[in-house]
Each structure stands twice: as C-alpha cells, then as structure tokens.
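# Structural features, examined
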Amino acid sequence: MSSCDRILDVTPKQSIDSRIALESPEAIRASLNSVYAYLRQTSQYGRDLIAIPELLADNTDHTNNPTELYSHFRNQPGAHMGIWGSSYSAINEINNILHVLENPPTGVSNEFKENIAGQAHFLRALYYHNLSKIYGYDPKASVDEVNYGSVPLMLAPVLNTDQVTYPSRASVEDIYTLIYEDLETAYNLLNGKTVDASNPEYYASAAAAAALFSRVALYNEDYDRVITEAASALELISGKFMTNSAYIAGWRQMKLPESIFEVVFHLGDYADPVNESLRVTFTSRQTLNATAFSNRGNVVVGADLYGRYASNDVRRGLFMNGLGRNASRIEITKFLSRSAINHDNVPVIRVSEVYLNRAEAYAKSNPAQEDLARQDVNVIRERAGLTPVTTNLSGQALIDEILLQRRLELAFEGHRFFDLKRQGMDIIKPIGNVRFDEPRILAPLPYTETQRNTNLKQNFDF
Amino acid sequence: MQALQAQYKRGEQDFYKKFNCKKMSIESCLINLRRLKCTVFILLVCMQTSIAAYSQRITLNVRNIPLETVLDNIQSQTGYLVLYNNELIKNVGKVQANFRNLELNAAMQAILQGLPLTYDIQGKTILIKPSPASQNEANRAQTIQERISGKVVNEKGEPLSGVSVGTIDRTASTQTNQQGNFELNGITGNAVLRFSMLGYQRVEYPANKLPSPIILIQEISNLDEIIVTGYGVQQRRSITGAMSTVKGEDFENMPVQSLDKAIQGRAAGVLVQTSTGVPGGATRINIRGVGSVNAGVEPMYIVDGVQLNSDAPSSRTSTNPLAYINPNDIESIEILKDAAASAIYGAQAANGVILITTKKGKAGKARFNLNYYEGISAPIKRMDVLNSQDAILLRQEALLNNNPSLSPAAALAQALTDMGVRPDLTEEELATLPTYDWQGEAFKTGNVRNIEFNTSGGTDKSSFYLSGSYNKHQGNVTNIDFQRGNFKMRLNQEVTSRLHLDAGANLSMITQNGNTGSQGSTTGSAAPQYTASYMPPTVPIYNEDGTFNAYEGMPGTGFNPIQAATVDDNIVRQRALIGNFSASYKILDNLTFKSFYGIDYRFIRADYYRDPRTPNGATWNGYLIDDNTENVNFTTNQVLNYNTKISSNHSISALLGAEYRSDVREYESARANNFPTYQFRTNQSAAEPYSVTGSWSGSRRLGFFGQANYDYKNKLFLSAVARYDGSSRFGANNRFGFFPGISAGWDMAKEQFLEQANWVEQLKLRAGYGVVGNDQTNNVSSRGFYQGGTRYNENAALRLQTLENLEFGWERNVSANIGLDFQVLKSRISGTIEAFHRTSEQLLFNRPLPETSGFSNVDDNLGRVVNKGLEIDFNTVNVSAKDFQWRTNFNIAFLHNELKELYDGLDATSNTVRVGYPLKIWYRARYAGVNSANGRSMWYDANGNITYSLSSADNVPTKKGWQSDYFGGLTNTFSYKGFELSTLFHFDMGRYMANTMYQVWYNVMSNPGRNTLQELYDERWTTPGQITHIARPVSGGAESNSSTRSSATTQFLHDASFIRLREITLGYQFQPDLLSKLKFSRLRAYITAVNLHTWTKWIGYDPEFAVYGSVENNSGIVPQTMSVTAGIQVGF
C-alpha cells in the first residue's frame, strides 16, 4: 500500500510545507515581508486605520455617494475598525519567526538574526498597540464598569491544530508590558543597523521603535517615558523635519520626507485601488492636476476642522475643492496617487507627531516643563507659518493648543478618534455627539470570534 | 401508404395472422375486405335474434348457415365491425351454433370451433384470421430457401435501419440497411427469424412466412431496456439501486446549452437550479439533498466513462463544463442516486453520479440528419419603476426626512442636483421632464440559432457516429451571449471476434461574452442587470448624437452601465476535448477485460478589458487582464467482467477493477494598463505592465473496486459492491477510505401469487444500503503551507496560509434506500416510489478557529447531516387510441434536511449552520414593521422587545431556509397522427431566499441619484398614523441613532417557490408518403418555447437562482430568458 500512497503524493509548486518553510535566511526575510504586507490591507493602513478614526471623530463630512463608510460617519453601533483577524495572523507569523530564530537554521548569521528579530518585535508592538486601542480602553481612560480588558496576548507560534488555544482577554497592563518590552528589544537590536539603505523608512528601525514608544507611552500617560523616547527618536532622525517651504512639496512625493516609518504602496499593491484606496476615499481628483471628477471622494473635510486653519497656515495648501459633484466640498490631498495611480504610501509615524507627543507630555506632566512644551508646539506652529505661542499660554490653554495643533497637523492620518478616546473626551459633531461612556466608543470583538471562543468576553452592549 | 397497401396484397394472410390491424389505418385494412352489409332479412326461420340493443352478449341458433351470414348477424347484434377476407371464408363451409346470451369471446370461439380460423377483437372491431395451426400445416411442405429478404418498418411505415435480423439458432444474422431492407442467405424453410432493435418489441417469424413488410412496434415497456451503470450495463428489470433515466429524445432540440438545464423537472429527486440566466452558464444540481456544510455538493459527471472536472471553467462570466457537450448528441442520462448504485464510484459519489451516454452509430447504410432551429430569447420580466417626477419627489422627501430644517425648495434643488438635473428647473420644466427607460436598454430580445448535422452507420463489425453543430444564444442583458462549435465522433470496431475497440472524441469551442458581474451575483456599478432598474430615470442613456451619455461622476453609480457593458470586454473562450478510448478483450466467452483511458482537457482564455472610455478603465487609461487556464484531467481504469449462468435459473455477473485519476490545473494571468486608444485590446499595445500571476494545483485519486450481481429467475436480484479509494487531498494518515454497498430486489410479479394477475408486469421491491465518500474539498486542505504570492516593497513574501491537519480524511455518506418499481396494465401505468435516509458524517468541515490562532479555519472531519426524502415517479399512458396518444410523467420529491451535530457541543458555527435546523436556515433579526407615528423601521431585539438599533446578538433562527421542501415536474405528451405536443411544468417549492435585490431597491429609496420600485414608493410611510411596512426614506439610509433602515432582517426573506411552464414543444412528423417522394427518411418541423410563464410570489426578475459558486444572492443575477424557437429536422 505504501507505493499506492506515494502515487498520491502531490507536490505543489506555489507553497511549501510550513514545518520546513523557514529554513533559510531568504525564507525568513520573505516571511517577515508578509508581516509588513498585512499592514497594507484595507482594514489596516490601506484605508481603515487612516480614514475611520477621522470619520468616527469630528474631522469629516460624508458626501453620501457612495454610502460606503457612512455608518462610521454616523457612529452607528458596531461601525468601527476591524483589524482582529489580520493582526493576529501577522502576530502568529511574527511568533513563528521569533521561534525559528531561537534556534536559527544554518546560514543565519547573528547580525541577520538580530536584524530580523528587531523588526519582528517592533511590528508586534505596533499590531498590539493598534489592537488594544480599538478593542479595549486605553490605560488611563476607561469606563470601569464595562472595562472587560484588552485583547488576548498571543506569543506562542501556531502551525498545527494541536497548538490552537482558546485565550481570554489580557489586561491592558499586560498588553502594555509586552509592547514596552517589544519596543525596547526592537530599539536595542536595531540601533545602529539599517534594514534597507535606500528606503529605511519602509522598515522598522531604532528610530521607529523610539518614536512609536513615545506614542505608546503618551497613551499610557507615562510622560517621562514619552520625553525620553521622543528625544532618542528625534536624535536618530535629525534633519528629516519638513520646512515650511518644503511642506506642501513634501506631501507630493511618494515618500513623505519626515516619515519615520511608513507603509509603502507600489502600483498593484492595493487589492481594490479603484474603490477602497485612500485616494478614492478622500478626493474626487485622481491626481493633483486632474480636472474631471473621479470616483469616489466620499469622505471629505468637515467645516469645523477646515475653519480652524488660519488663512496663512501653510497646511491649508493641502485642502482643495473637489471636482464635479464634489466641487463645493473641501477635500484633503495628503493621499493623491503619490506612489502611483490610486496608490499612496501611508505614514505610520512621522517627526511632527514625535514633537507633538513630547509637547503634550511636557505640558501635562509638570508645569515646570511648559517652556519645553511651548518649544515643541512652536516647532509645529512656526513650520506652519504661524506665530509662536508665548508664555502667555499655559496650563489647560497650552494643552488645548497642543491638542489643536495635533489635530491640525495630523488631520486625516488616523489620530483624531484615538486622541479623544485616550483622554476620555466626548466627540462633538454636528450629526450627533458621542459621549466617551457610550459603548460605541469600542469596537465589538468579531461576533464569530466570541462564538468560537467562549473564553472571550464581548464588549458591553454588543 | 400506397406502398404499404400494395405490400399488403401480397401477404394478407400473414398480416391477419400477425398484425394488429389497429396499428394500421382502417382504410388500408379494408382494401381487400368486403364490408358486410347490415341486412335484416336472414333466415328468420332458423335464427332468433335480439337486436333491440347492441350488446356484447350473443344469442344464436343456426344450423348449416354460411359463416358469412352468421358473422353478419354478429355484427348486427353487437354493433361491432366484423372484418374478414372473402377468399378466406369462402371454402369454410356452413356452420351451426346454438347458445343464449353468451359472452362475445365465448360466442366467437363456439362459432369458429373446428374451423381453420381464429379471431381477434380490436376495440370495436372483430378480425377473422386464419388460425396458426392451419398455417403451419400449409407450410410444412416447404424445405430450403436459398435467400430470404424483406423490409422492416415501424408503425408509421417508416423503414427501420439497424434492426438485428437473425435465426433464433444464431446460424445467420444481419442488420437492416437504410431502407429497412435485409437479405439472408442459406436459410432453411423451417428456420425462425428474430427481429430485434432497442426500443422495439422483439418479434419472431418462420422464415417462409415472413410478413411484408415486417412491422416492429415501439416498446412502451422499458423493462428490457439496457441501462448504463457504473463500469457496465444492466437490464432495467434487474436494477436494485436507486436510479433515474432521462432519454436524450426527451429534451431533443430544447434551446439550452447544457444537459443539466435539460433534465430539470424530469428526474425525481434531482434538483436542478439554474444559477443565472447566462446562456451556457452554471447550474447547481443536487441529488437527494445537501449533505455537506462546506464541501462540494455537486454530483460526479461521467461522460462515456470520462470523469469530468466539474469546476467552473472560468469566473469571468458564468460558465459550465457540461456545455462542452451538445445536448442533442446525448443518447441517455442515468442518475445514480443512492449509495448502492453509486458506491462503485466510491470517491466523489457521495452526491450522486450522473452518467452521460452519447450517441453511437448503428449498423446499416449511412444515415444523415440535418437539424436547424432559430428563434428569439426575450426577457422574462421587467420591474415597474418610478418616472422622473416621482423619483425627484422621493429624493426631496428623503432629504427633508433626514434634515427637517432644510427648506423644501432647498431640498428640491438638492434632489435635482442629485438626480443630475439643473437645480433651477421651473415647475413646468419639471412636469415635462422625460423619463429614460434604463431597463429597456439593458434587457433586450436576442436571437437563438442552432445548426447541426450528424451521420451514422456502419456494419456489424464497425459503426460510427459523427456530428458537428453550431449553437448561438444571445442572453437578454447587454453583451451576454454564447456561441459553441462542436464536433463529435464515436467509433466502434470489432477487430476480431474477441477484441473490440471503442473510441470517442468530443471537441468544442465556446465563446461567451459576459459583462461585469455576469459570473454570478454582483453589486457592480457597471452591471446593467444590477443597476438598470435603479439608474436615475432623469438621466439620458444616449446623447443626442447617439453616443453614450457617460461621464465620470454621473448621478447614481457614476457609471452608464449600458456603455460599460457594451464597450468593455469580458470574453471567455473555451476549448475542450473529452476523449475516450477503450479496448475490450474477451479472454473467455464469459470473461472480458476492458482497458479504458479518458481525458478531459480544457484550455480557457479570458479577456477582461476595461475600456478607457468607462470610469473603471479611465483610471488606468484602459487595462486588460488576460487569463489562461489549462486543465488536464486524466482517468484510466482496468476492469475484468465476468458473467455466468449456472442453470437457467441462476445468473451471476461480477467485475473487478482499478482506477487512477489525476487532475492538474495551471493558470497564468497578466494585466497591463495604459492603451493608446480603446481600439487596442491586446497587451502588446499597453504602455505599462501591471501584474503577472500564476498558479498550479493538482490532485490524484486511486481506487480499487469490485461488484457482484446475482439474478434468480429474473425474480430475485442481489448486488454487492465495494470500493477502496485514496485521495491526495487528505492528510497523510487518512488518505484511503472503504466504501461498500449492498442491494437486493424482488420482482413479486414473477411469483405465483401474482403470475395469475397478468395485468401486473412488474412489482419489484428494492432495498439498498451503502457508504460513499466525498473528497470535494481544496486540493491542499490537509496541508500546512507557507504560500508565495504576496510582496512587500517589491520583495517576495511568504505567507502562512493554512494549518496542518494530518488526520483529515473522507467525508462519509451512509445511505439506505427502499423502493418499489411497478408496471401494470400493459405498461399503461408504471413508476417508482422510493424512500431514502442519507446520513453524511465526518463532514469535510471548514472548522472555524479563533482568529487569535492566526488562522480563521482549518479543514476537519466534523458534524453530521441527515437527509430524508420520498421520491415518486409516475408514468401513465392516459389515452392510447389509434391516432391519439396521451402520456404523462409526474415526478415529485419531498426532502427534509437537518444538521444533527457539530462538534464540541456547539449549536452553531455560523449564522446559517445550526444544530437541529436544516442547513442554510436564515438566522436574522426580526423586522417589527414601521412605527406608524414616525415612519421609522423597528425591529425586535433578542428578547422580543422593539428596538431601533440592532446588534448581532439580536439574530434568531427563522425557520426559513433556502432548501426546497419539495420539487419535481409534470410532463404531458399528446400525439395525434404526425403531431406531437409536449409540455413540461417544473416546480420548486418551500424555499426562502434573502431577496437582496429587493433590499437594494428598498435601500436606494434613500440614496441620491437612484430609482426604485413603484410598489415601494406607493406603500412608503408618509403621514403619521399610516400603517405600512415600508419605512420612510431618509437620506443616508439610517435614522439618527438607528440601524440602517434596510438592515438584513426577516424583512428581506421572501418565498422563492415557483412553478414554471418550462417547455412546450409542438412537432409535426411528415408522413411516409411525402417522405418517399422527397427521398427523406425523416422530416419533422417543430416549435419550442421555454420559460413561457412563471407562477411565484417573489418580487424581482426571477425566483430561480442557486446560491452556489459565485452566486451568493440574487443581486444582479442575470435572469433566465424566455425563448421561442422553430426548427426542422431532416433525415435521409
């Protein structure tokens, strides 16, 4: 019968058995590429992590044509981000890579191992931070009665059915502990190394780890850590910060000059660029010089946000009237087929955010550091062509100014909703306010997931 | 007819003796008969008659009276016509009789007693014929005849070719030629000749007393019919498994492209649901219910021994591998329904097996047939939508409902803008605004054409069948059509008396034009079948110069779907070869070895071109995706066949075999962008390559099988079968499965207690039990893989794709079947009643995993589904008169399906998979109607309280599912002289489908630049207190803090049951006298209508669509076409 069995052995030509797949440095690197590629999905940075936080918050208007994402604009219950499955798939691939690197196959140098492991730790921190802020409350802003914890913490690799587990939700502290560890490890492993000399921003780096750390620590209101991590990030990326005169031009390049980490999109990387890319979501012009309406431009700029830019603010140059039936709408042009038609790189973290993270940390942590806070916020203000704030501005007013600059600078980059949420602030919008204590602030865990794994407690009221 | 009459003169006595006058026209019988005059005189002295009323009882008292006179009297007494030949009774002499009130038969016997005459009563006619005894005596003198010739015709007098003619001792044999003539040499005068042909009653005559012509009568009884079973043939009377047969002639010339559509409604328990109305498109066939949750539920198709790959050839439009075969080339289709019948196929047989046998040549002079039909295909339905004025008002209303602070004037201006009209229209301009009929442009009448030619013939050693055909069918939606050129041949050659070769090839080239979404259901803006009904009626379809009115940012969907469907390409070109070759060698007289090789080869090329003039194409300045798929599916089997008769009572047949099958699909696809102008449609002209991809997928199967059949006196039948099958799709630990089946039959009509009742021809009780497998899962289901195909920053990536499961193995279907076949009253009534119980277990289950594992599912063997059902197939010959016949077939199947268990005690894995319910039960929140105070939609939450806002937890099982409760067909065939009329009604009842298209119409009432159904508009909520089920439109589709008003709830579950007048055919067969003048052997004209009318409650174009493959719901489904065709068939 064994010869019969052999007749039935079919060797595929486009896949490789998972037990023997990661046996060479090339395969391990290719596996890590897949982890990066998950970030490109529509549900991740391909669209949703950028567009939906703006829609859920107070920055947008919806043209209703098509109605895609309209429920998010209206904050309908359940209309939220959904990155669960793709994030955990990426995390499992990371866990498998880290597992293989514990006993690396022959041909894997120590330098290679550290380089790959450093990137893997950075990416795992990024995935977990995004998961934790979508599905659970942030460490310092919670509705305690309905706080059921953060997301499950998965660290063991899964390749076969025996390794499948049914985890429950970890505490937000445990998740943050892992993120801290991962970012520290990533920073240490990657410091002084370059993954790709010509395009370091497309990959994890020590600077990216420190910069992301400044964000994570800000969410954790761990202000000292924000300040130290921001400093080390800024030290590593000195000279990247865009100047006033180069600001608009910077947003017309494929790669944003001040990106510390950005997800790259080459032509063809989008599964559905015509209907789901950021370009079609945000504008009705296919390219900067387009004169005819192009689908879809359904998520446009809200009047409230636009009104907050001073007329001499250089950032106003990023706003344009739409074309055709969007002619009376203000659209943002941060994503305008910069990489290729309907393809735009997506900055995940950039220098301006690091300044703003630190400014907020200074302003909130210690009145003695308000000067430093003002310095940081003025970096942003002055670059925008605005006058610097002076010592006249302090306390809550200073914090408000920093938050305003954060809103204006990072508009349509996926921050607004999370910035309100991490501070426990309500969303004030013409179509109806959303209080912080409402269940719809949190995304429901995927309904099927709670059915499959009864150890998972669904968020309140879903 | 004149020829027949002339022949009759020569052989009148034989004609009397052997033939039933009823089969001929009365006139021809009368030529040499003298009709007795009704006289009243007749020897009243000796004869008492009572003729007050006609009666079938005779009173007679005569002595020494000429027979002629007596017969005359009988005619007067009974009113029966008495026919006889003067010459015949002239010399009989005088007769005597004395009886009272004797029954006619007895009276006739008494009268003719001692005379060399017999009689036959045919209806109201009494025929007097020479008695067989007298014939034999007369013939005894004759000895040797050197040469015998004759002509064989059917009941209509048409020559029959290919009739086997031979002596019953098998010393000589031949076949009739094209003219029905035969010639045999060296026949002794007392030899008996046997005339036989499939489908005709066998007859035997002494060689020296052949009638001329010899008339073969078509068989109504099909008990002796030879049925193709797995790897062999069997007589129908000995079948013990559950099988249905559909004959090719039943659907001859039906204007459909594939046989699956042709058998709809014709076989009990075989549910055929057309996926879409795309000609040549996909169909879902389901035999005895759905057994699987995730695995394929398609039957296995075998064409002349070649196992077809039933995967959809292309996903660019709706395609169907069964369209490779011209339905008119099919001789018969056998459907093996239960495990006992299909276990010989073990693997894949879980969902039944469909055996397709194509036509073969018959010995005789070559015959030629030409067949041509042409007609139209027309849309079956149009939806009633709003005119421009109402559509604008509706939009204004939706805007005001959303934002009451808006002034009506501002809302109107906005509504006009949304509808693509100048916002400053005057009232008068508004009132005269034209309404553009988008549906009228999208759904149009097309034409249908079929031309075919075939020739067949051969000798007793070899035969051939060759055919060529061209079929064209235009769908009724813009740019959807089908064209097929087909060539088919079949050759049979007896090389030596022991070696027999059989080869066949079916070549077909199909070109299908599709449009966006024609592969199944769609929400594509460029799909006219989806959008035409809701395109804004205010927007013209064409500019004044006749060009398309199309520009980016058009109101509504942004597309002119008619333009997109017209200028874009979605062309699927298929080239397919189905070839078979086998050699049979008779090792011993009762032991045959057969070596079979089959190939199912396809090359499929699809061009997907987006014209730069459309919004999709403009983005890229035009782009072309060029797909190439090659599929090679090879089967071989080696089978030993043995049969023996132990005595005349016991016969045994057995077979033993092995089979190997390999199936490999390779695919590559290239896309390039940026074309100089729209006329350029190959990638060579594109400026910019965009992507290239490819794939390889293969599977193999290996099996060993055996079968033994035992037959005791044609009365008791036993059959045992077993198969051991391995599939590469399964985990290394579980690749092989064992599938046995056993069945028995008992024909009670052959038992003594029923043998007396000679009106019972068959009463066969059958029972069977068996296990079959299913491996219709992904080729690599059991394997854990990293897969290529993704990239990051232009570097290749490896993605962890699947989770390994080494234990993954066969899905098993255990089925029990009990059936009763009956045939009574000279085949006037026949049929089958069958009950089955089918348990599918160890299902090929796509087991959901917590996604935290990194995987969303793994293939595993879990769960159990039970299908129970009752099938009734009933055939009657309602009227069988001389010129008029009326036959009926009615079949119906009742089905109950239930998911018995999942795993780990789970009640449900997904919304539609719930223990204790049929599969695909709808699980949804309940609609609570419209709040009459404010016009808002209300729903019930999980606790039954009214809510405005739904969550997933509010879904409940609804008891409504998409599986049919019962279905079947009713065929009536009427024939009158050369005319034949047949009608087929098909019904499919008790299925509830999500009417997503209705949901779209409901939803778009709230959207800018859309149209909607008149009935939704008429019944929408407008005023407080109004009771209705249609919520008020609100721009954006949701009231504040509410779920979307068109949320998928029970509101959109509709009854998709229907009864359809599927086919009507009226044919006329020209009569032999005309044919002989024209030198044709056959001339038939016919007219066929398909899908003439549908009775249904469904709101939408077509209730018939099968959720299968790329059909997920009825959004944008291409509806079926109604067609009327007329044709002519000529044989010579």
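Quick look at the interface of chain B and chain A now. In this assembly, 82 residues from chain B lie in contact with 80 residues from chain A. When the two sides are added together, the surface that chain B and chain A hide from each other amounts to roughly 6800 Å², 52% of it contributed by carbon and sulfur. The largest per-residue losses of area from chain B upon contact with chain A belong to B:Tyr786, B:Tyr792 and B:Thr852, which jointly make up 13% of the total buried on that side. Connecting chain B to chain A are three salt bridges. Across the pair B:Arg791 and A:Asp269 runs a salt bridge, and its minimum N-O distance is 2.9 Å. Secondary-structure elements contributing two or more residues to the side of chain B that touches chain A are helix 16 (615-618), strand 30 (650-673), strand 31 (688-712), strand 32 (716-727), strand 35 (785-792), strand 36 (795-802) and strand 39 (844-848) of chain B. When the residues that make up the side of chain B that touches chain A are grouped by side-chain class, the tally is 31 nonpolar, 37 polar and 14 charged. Pairing analysis gives three bridges linking strand 1 (residues 15-17) of chain A to strand 35 of chain B, with the strands arranged antiparallel. Residue A:Ser15 lies in a different strand from strand 35 of chain B, and its bridge partner there is B:Gln787.

It is worth spelling out the environment of B:Ile921 at this point. Residues and elements named next belong to chain B. As for its placement among the helices and strands, Ile921 is situated in strand 45 (residues 921-924). Separated by 458 residues in sequence, Ile921 and Ser463 place their C-alpha atoms 53 Å apart. Not counting residues within four places of it along the chain, the set of residues in contact with Ile921 comprises Asn911, Thr912, Arg914, Lys959, Lys960 and Gly961.

Next up on the list: the nonpolar core. Judged by nonpolar contacts, the single largest core of 156 residues is most densely connected at A:Phe122, A:Leu123, A:Tyr128 and A:Phe261. If you tally residues by element for this core, the top one is helix 7 (residues 110-135) of chain A, at 13 residues. With residues near it in sequence (within four places) discarded, A:Tyr128 still touches A:Tyr88, A:Ile91, A:Val151, A:Pro152, A:Leu153, A:Met154, A:Ile175, A:Leu178 and A:Ile179. Listed in part, the 51 residues of the second largest apolar core include B:Ala411, B:Leu416, B:Met419 and B:Leu433.

What follows covers the confidence of the model for chain B. Residues and elements named next belong to chain B. On average, chain B scores 85 in pLDDT, and the residues at 70 or more come to 92%. Per-element averaging of pLDDT across chain B places helix 3 (residues 26-30) at the bottom with 38 and helix 19 (residues 1014-1019) at the top with 96. Low pLDDT, under 50, characterises residues 1-54; the stretch is placed with 95 contacts to residues that sit more than four places away or in other chains. Confidence over residues 134-144 falls short of pLDDT 50; this stretch has 14 contacts with residues more than four positions distant or in other chains. As scored by the predictor, the complex reaches a pTM of 0.81 and an ipTM of 0.94.

Attention now goes to the sheet that holds strand 35 of chain B. If you trace the three strands from one edge of the open sheet to the other, you get 1(A)-35(B)-36(B), paired in antiparallel fashion. Edge strands, defined here as strands with exactly one partner in the open sheet, are strand 1 of chain A together with strand 36 of chain B. Pairwise comparison of adjacent strand axes, ignoring direction, gives a mean angle of 40° for this sheet. Where strand 35 of chain B and strand 36 of chain B come together, six bridges link them in antiparallel fashion. Bridge pairing in strand 36 of chain B places B:Tyr786 opposite B:Leu800. On the sheet, helix 2 (residues 25-38) of chain A packs against strand 35 and strand 36 of chain B and is oriented at approximately 80° with respect to strand 36 of chain B.

Residues and elements named next belong to chain B. Taken together, the side chains of Tyr585, Ile587, Leu588, Phe593, Leu640 and Leu656 present a nonpolar region at the surface, about 520 Å² in accessible area. Looking at which element gives the most residues to the nonpolar patch, the answer is strand 27 (residues 569-588), with three residues. In this structure, Tyr585 sits in strand 27.

Attention now moves to the pairing of strand 38 (residues 829-841) of chain B. All names here are of chain B. Bridge count between strand 37 (residues 811-824) and strand 38: 13 bridges; the pairing is antiparallel. By the bridge assignment for strand 38, Asn813 is matched with Ser840. Between strand 37 and strand 38, which follow one another and run antiparallel, lie four residues, and Leu825 among them has a positive phi close to 55°. Looking at chain direction, strand 38 and strand 41 (residues 864-880) are connected through 13 bridges and run antiparallel. Across the sheet, Ala835 pairs through a bridge with Leu870, a residue of strand 41.

A word on a negative patch on the surface. Residue and element names in this part refer to chain B. Together, Asp384, Glu1015, Asp1018 and Glu1019 make up a negatively charged patch on the protein surface. Topologically, Glu1019 is positioned in helix 19. For Glu1019, a relative accessible area of 34% puts it in the partly exposed group.

What follows concerns the pattern of salt bridges. Oppositely charged side chains can pair when the atoms bearing their charge come close. Counted under the stated rule, the structure contains 83 salt bridges over all chains. One salt bridge in this structure joins A:Arg350 and A:Glu409, with 2.9 Å as the shortest N-O distance. With a gap of 59 residues between them, A:Arg350 in strand 7 (residues 346-350) and A:Glu409 in helix 17 (residues 395-409) connect regions that are remote in the sequence. Its relative accessible area of 1% is what places A:Arg350 among the buried residues. Linking B:Asp883 and B:Lys977 is a salt bridge whose minimum nitrogen-to-oxygen distance equals 4.0 Å. Separated by 94 residues along the polypeptide, B:Asp883 in the loop between strand 41 and strand 42 (884-901) and B:Lys977 in the loop between strand 50 (966-976) and strand 51 (979-989) bring together distant segments of the chain. One continuous salt-bridge network, built from bridges that share partners, spans A:Glu258, A:Asp313, A:Arg315, A:Lys334, A:Arg350, A:Arg383, A:Glu409 and A:Glu413.

Residue and element names in this part refer to chain B. In this structure, strand 27 lies alongside strand 28 (residues 591-610), joined through 19 bridges in antiparallel fashion. Across the sheet, the residue bridging to Leu577 is Tyr601, located in strand 28. From the end of strand 27 to the start of strand 28, which pair antiparallel, there are two residues.

Residues and elements named next belong to chain A. A positive phi angle, close to 50°, is found at Glu221, a residue other than glycine. The residue Ser337 is not glycine, and still its phi comes out positive at about 55°. The residue Ser337 is located in the loop between strand 6 (330-332) and strand 7 in this model.

Moving on: the sheet that holds strand 47 (residues 937-940) of chain B. Residues and elements named next belong to chain B. Within the open sheet, the three strands sit side by side as 46-47-48. Their pairing is antiparallel. Of all strands in the sheet, those bounded by a partner on one side alone are strand 46 (926-930) and strand 48 (946-947). Of the strand pairs in this sheet, strand 47 and strand 48 are connected by two bridges, and their pairing is antiparallel. For Tyr940, the partnering residue across the bridge sits in strand 48 and is Ile946.

Here we come to helix 8 (residues 172-190) of chain A. Residues and elements named next belong to chain A. Between the first and last C-alpha of helix 8 there are 26 Å, a value that for 19 residues agrees with the 27 Å anticipated at 1.5 Å per step. Taken together, the buried positions of helix 8 are Val172, Ile175, Tyr176, Leu178, Ile179, Tyr180, Asp182, Leu183, Ala186, Leu189 and Leu190. Looking at the packing, one finds that the buried side of helix 8 touches helix 7, helix 9 (206-219) and helix 10 (223-236). Note on helix 8: the residue one or two positions beyond its end, Gly192, has a positive phi of about 85°.

All names here are of chain B. Running from N to C, helix 4 (residues 67-78) and helix 6 (residues 104-112) cross one another at 170°; their axes reach a closest spacing of 12 Å. Here helix 6 runs roughly antiparallel to helix 4, going by the angle between their axes. Side by side, helix 4 and helix 6 meet where Leu67, Val70, Leu71, Ile74 and Thr78 of the first sit next to Leu104, Met108, Ile111 and Leu112 of the second. Residues belonging to the contact of helix 4 with helix 6 are distributed by class as follows: eight nonpolar, one polar and no charged.

A few words now on helix 4 (residues 48-56) of chain A. Helix 4 of chain A sits mainly inside the fold: nine of its nine residues count as buried. Among all positions in helix 4 of chain A, only A:Asp48, A:Leu49, A:Ile50, A:Ala51, A:Ile52, A:Pro53, A:Glu54, A:Leu55 and A:Leu56 are buried.

What counts, and where the lines are drawn
- Residues numbered from 1 in each chain as written.
- Chains lettered and ligands numbered in written order.
- Predicted model: local features only at pLDDT ≥ 70, side-chain atom pairs only at ≥ 80, totals over all residues.
- Heavy atoms only, no water.
- Contact = heavy atoms within 4.5 Å.
- Buried area = accessible area lost by both parts, 1.4 Å probe.
- Salt bridge = Lys/Arg side-chain N within 4 Å of Asp/Glu carboxyl O.
- Helix = DSSP H or I, 4+ residues; strand = E, 2+ residues; numbered from the N terminus.
- Nonpolar A, V, L, I, M, F, W, Y, C, P; charged D, E, K, R; others polar.
- Pairing = 2+ DSSP bridges.
- Core = buried A, V, L, I, M, F, W, Y, C linked by side-chain atoms within 4.5 Å.
- Buried < 20%, exposed > 50% of the residue type's maximum accessible area, 1.4 Å probe, protein only.
- pLDDT = per-residue confidence, 0-100.
- Axes fitted to C-alpha atoms, helices over the stretch in contact; angles between N-to-C directions.
- Patch = residues over 30% accessible without salt bridge, like charges linked within 9 Å, V, L, I, M, F, W, Y side chains within 5 Å.
- Areas by Shrake-Rupley, 256 points an atom, 1.4 Å probe, with all protein chains shown as cover.
- Lys, Arg positive; Asp, Glu negative; His and termini not counted.
- Charge placed at Lys NZ, Arg CZ, Asp CG, Glu CD.
- Expected span 1.5 Å × (residues − 1).
- Parallel < 35°, antiparallel > 145°, perpendicular 65-115°, else oblique.

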